[in-house]
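Remarks on the overall topology
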Amino acid sequence: MINIHNIMEEQVIDRVNKIYDQVMSKQTTWLSCDCENCRLDTVSYVLNRIPPRYVVSGRGVTHSNSTILKNSQINADIDKLAIEGMRLVSSSKRPYHKDGRKHPTEIPKSKALVFNFPNFIGNVYDGSTFEPLTDAQIELKLNNKLAEMMDVTWPNPCKTFKATNGGFTFWVAPEKTDREGLTKDFNFTINVSCQGYVPATIAFTVTLTSETQDRREVNASYSRKINDIFLFREDIENEME
């Protein structure tokens, strides 16, 4: 049996815990809680936004960990994402602090009749250099309203970071229905903006069939790649128009 491991997990867990400890020691007012659940949510937030690094041997783990520790940019990106995740988690009131990690909108599986949305994955690039854009803001709308996300670790709008190479992800919360096997079209729009660039909007439709399985775990096979989005600087003419 091949044992494949994402070494970014240990690195992210370690840095998130260190940042929580540092912020708590300074009694920062914006951090309302540093319990295990909050820390796990922040770890998930970071891991969902940085590329994984897989290894298959103990030697690979040692070598890769050494490389990561020496890469100040990777650590800076993790720290930046961690702070954003901490602020987001801290500002959200989540009932599972007392009742476990059950999602507030979770539907009992025995009664679940829902439309399950795939993970939406995309990238934002500079239209002239084709380099990934950092600090771009992306919002996902469903029927002209901000789409509700699965939980607090999937913000909408979201941002791109250097560590994500211009990538972004959304996971829309299931929509309830009263019929199994019902087919329905869902119309989405994505609005992208970045300082110094002309904003862009794209639209797409997803056709889903209602089912009784309420998906609550990320599944790489159940995802949809959004066409690459290119933004052009305000002072450069878009030759594609």
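Presented here is an overview of the structure given in this document.

1. Describing the pattern of salt bridges
Considering all chains together, one arrives at 9 salt bridges under this definition. For the salt bridge of D135 with K80, the shortest nitrogen-to-oxygen distance reads 3.3 Å. Separated by 55 residues along the polypeptide, D135 in the loop between β4 (119-126) and β5 (137-142) and K80 in helix α4 (residues 72-90) bring together distant segments of the chain. On the basis of relative accessibility, which here comes to 40%, the residue K80 falls in the partly exposed class. A salt bridge links D135 to K159; the nearest nitrogen and oxygen atoms lie 3.8 Å apart. Of this pair, D135 sits in the loop between β4 and β5 while K159 sits in strand β7 (residues 158-159), and the two are 24 residues apart along the sequence. Through salt bridges that share partners, D21, D34 and R39 make up one connected network.

2. Overview of the side chain of T42
Mapping T42 onto the fold places it in helix α2 (residues 36-47). Discounting residues that sit within four places of it in the chain, T42 has contacts with V16, Y20, A82, G85, M86 and V89.

3. Topic: the environment of V124
With respect to the secondary-structure elements, V124 resides in strand β4. Expressed as a C-alpha distance, the spacing of V124 and G167, which sit 43 residues apart in the sequence, is 6.4 Å. Those residues within four positions of V124 in sequence are excluded, and the remaining contacts are E131, P132, L133, A136, I138, T160, G166, F168, V192, I229 and L231.

4. Digging into the pairing of strand β10 (residues 183-193)
As paired strands, β5 and β10 are joined by 6 bridges and run antiparallel to one another. Within β10, the position partnered with K141 by the bridge is T189. Pairing geometry for β10 and strand β11 (residues 200-209), over 10 bridges, is antiparallel. Residue pairing across strands places F186 opposite V206, the latter belonging to β11.

5. A short note on the pairing of strand β8 (residues 167-171)
The buried count for β8 comes to 5 of 5 residues, which makes it a mostly enclosed element. Across the two faces of β8 the burial is the same, with G167, T169 and W171 and F168 and F170 all buried. Note: β4 against β8, 5 bridges, orientation antiparallel. In the strand pairing of β8, G122 is matched with F168.

6. Remarks on the nonpolar core
Within the largest apolar cluster, 31 residues are counted, with the highest numbers of intra-cluster contacts made by F120, L140, F188, I190 and L231. Of all elements in the fold, only β4, β5, β8, β10, β11 and β13 (229-231) reach the threshold of two or more residues within this core. Ignoring sequence-local partners within four residues, the contact set of L140 consists of F120, K145, L146, A147, M149, N156, F170, V172, F188, T189, I190 and F204. V23, V43, I78 and A82 belong to the second-largest nonpolar core, a separate cluster that totals 20 residues.

7. What to know about α2
Here α2 spans 16 Å end to end across 12 residues, near enough to the 16 Å set by a 1.5 Å rise per residue. Within α2 the residues assigned to the buried category are N37, C38, R39, D41, T42, V43, Y45 and V46.

8. A few points about the packing of helix α1 (residues 8-25) against α2
Running from N to C, α1 and α2 point in directions that differ by 130 degrees, and their axes come no closer than 10 Å. Considering their axes alone, α1 and α2 lie oblique with respect to each other. Handedness of the α1/α2 crossing: right-handed. Facing M8, E9, V12, I13, V16, N17, Y20 and D21 of α1, the residues of α2 in contact are C38, R39, T42, V43, V46 and L47. Tallied by class, the residues present in the contact of α1 with α2 amount to 9 nonpolar, 2 polar and 3 charged.

9. Brief notes about the packing of aromatic side chains
Scanning the model with the defined rule gives 9 aromatic pairs in all. Look at F120 and F188: their rings are 5.1 Å apart centre to centre, the planes differ by 65 degrees, and that puts the pair in the edge-to-face class. Here F120 is found in strand β4, whereas its partner F188 is found in strand β10, with 68 residues between them in sequence. Assessed through its relative accessible area of 0%, F120 is described here as buried. Chaining the aromatic ring pairs together yields one cluster made of F115, F117, F120, F186, F188 and F204.

Procedures and definitions
- Residues numbered from 1 in each chain as written.
- Predicted model: local features only at pLDDT ≥ 70, side-chain atom pairs only at ≥ 80, totals over all residues.
- Heavy atoms only, no water.
- Salt bridge = Lys/Arg side-chain N within 4 Å of Asp/Glu carboxyl O.
- Helix = DSSP H or I, 4+ residues; strand = E, 2+ residues; numbered from the N terminus.
- Buried < 20%, exposed > 50% of the residue type's maximum accessible area, 1.4 Å probe, protein only.
- Contact = heavy atoms within 4.5 Å.
- Pairing = 2+ DSSP bridges.
- Core = buried A, V, L, I, M, F, W, Y, C linked by side-chain atoms within 4.5 Å.
- Expected span 1.5 Å × (residues − 1).
- Axes fitted to C-alpha atoms, helices over the stretch in contact; angles between N-to-C directions.
- Parallel < 35°, antiparallel > 145°, perpendicular 65-115°, else oblique.
- Left-handed = near helix turned anticlockwise from the far one by under 90°.
- Nonpolar A, V, L, I, M, F, W, Y, C, P; charged D, E, K, R; others polar.
- Phe/Tyr/Trp six-rings, centres within 6.5 Å; stacked < 30°, edge-to-face > 60°.

Scope: geometric values only; no functional claims are made or implied.
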